[in-house]
Amino acid sequence: LILTTGGTGLGPRDVTVQATSEILEREMPAVVTAIQTYGQTRTPYAMLSRAKAGVRGKTVIVNFPGSSNGAREGLNAVFPALLHVYPMMQGGGH
């Protein structure tokens, strides 16, 4: 499991999303939607955060916002489901 923080905004140095896009084999867009939806109930600026989530090999990669509060809230939004990914990747069901 790789969790990144920062680089998901619109600034000139925010390139985490592009770097993550280059290495993902399978994306999980609903994970990003869950993070943004959860954040949107707390701040209107959550909609400005770009992110990617997905899998490369047996590794799950998720981009979180750079603010400590945004990262914490994003993790709260998706953490239990992220643990469920691993049995699924091994062929287990829901």
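Description of the structure in this document.

### Structural notes on the environment of phenylalanine 79
Relative to the helices and strands, phenylalanine 79 is located in helix α3 (residues 68-89). Separated by 11 residues in the primary sequence, phenylalanine 79 and serine 68 place their C-alpha atoms 16 Å from one another.

### Describing the pattern of salt bridges
The final tally for this structure, using the stated rule, is two salt bridges. Two residues, glutamate 27 and lysine 52, come together in a salt bridge whose shortest N-O distance is 3.2 Å. Of the two residues, glutamate 27 sits in strand β2 (residues 26-27) while lysine 52 sits in the loop between α2 (29-40) and β3 (53-56), which places them 25 residues apart along the sequence. Between glutamate 73 and arginine 42 there is a salt bridge whose closest N-O contact spans 3.7 Å. On the criterion of sequence distance, the pair formed by glutamate 73 in helix α3 and arginine 42 in the loop between α2 and β3 is long-range, its members being 31 residues apart. Owing to a relative accessible area of 15%, glutamate 73 belongs among the buried residues under this scheme. Given a relative accessible area of 42%, arginine 42 falls into the partly exposed group.

### So, the pairing of β3
A regular strand places its side chains so that they alternate between the two faces of the sheet. Pairing geometry for β2 and β3, over two bridges, is antiparallel. Directly across from glutamate 27, in β3, lies its bridge partner glycine 54. Alignment of β3 against strand β4 (residues 59-64), held across four bridges, turns out to be antiparallel. If you follow glycine 54 over to β4, its bridge partner there is isoleucine 61. Between β3 and β4, which follow one another and run antiparallel, lie two residues, and glycine 57 among them has a positive phi close to 60 degrees.

### A look at the pairing of β4
For β4, a buried count of five out of six residues is recorded, marking the element as mostly surrounded by other parts of the structure. Pairing geometry for strand β1 (residues 2-5) and β4, over four bridges, is parallel. Within β4, the position partnered with isoleucine 2 by the bridge is isoleucine 61.

So, how was this worked out
- Residues numbered from 1 in each chain as written.
- Predicted model: local features only at pLDDT ≥ 70, side-chain atom pairs only at ≥ 80, totals over all residues.
- Heavy atoms only, no water.
- Helix = DSSP H or I, 4+ residues; strand = E, 2+ residues; numbered from the N terminus.
- Salt bridge = Lys/Arg side-chain N within 4 Å of Asp/Glu carboxyl O.
- Buried < 20%, exposed > 50% of the residue type's maximum accessible area, 1.4 Å probe, protein only.
- Pairing = 2+ DSSP bridges.

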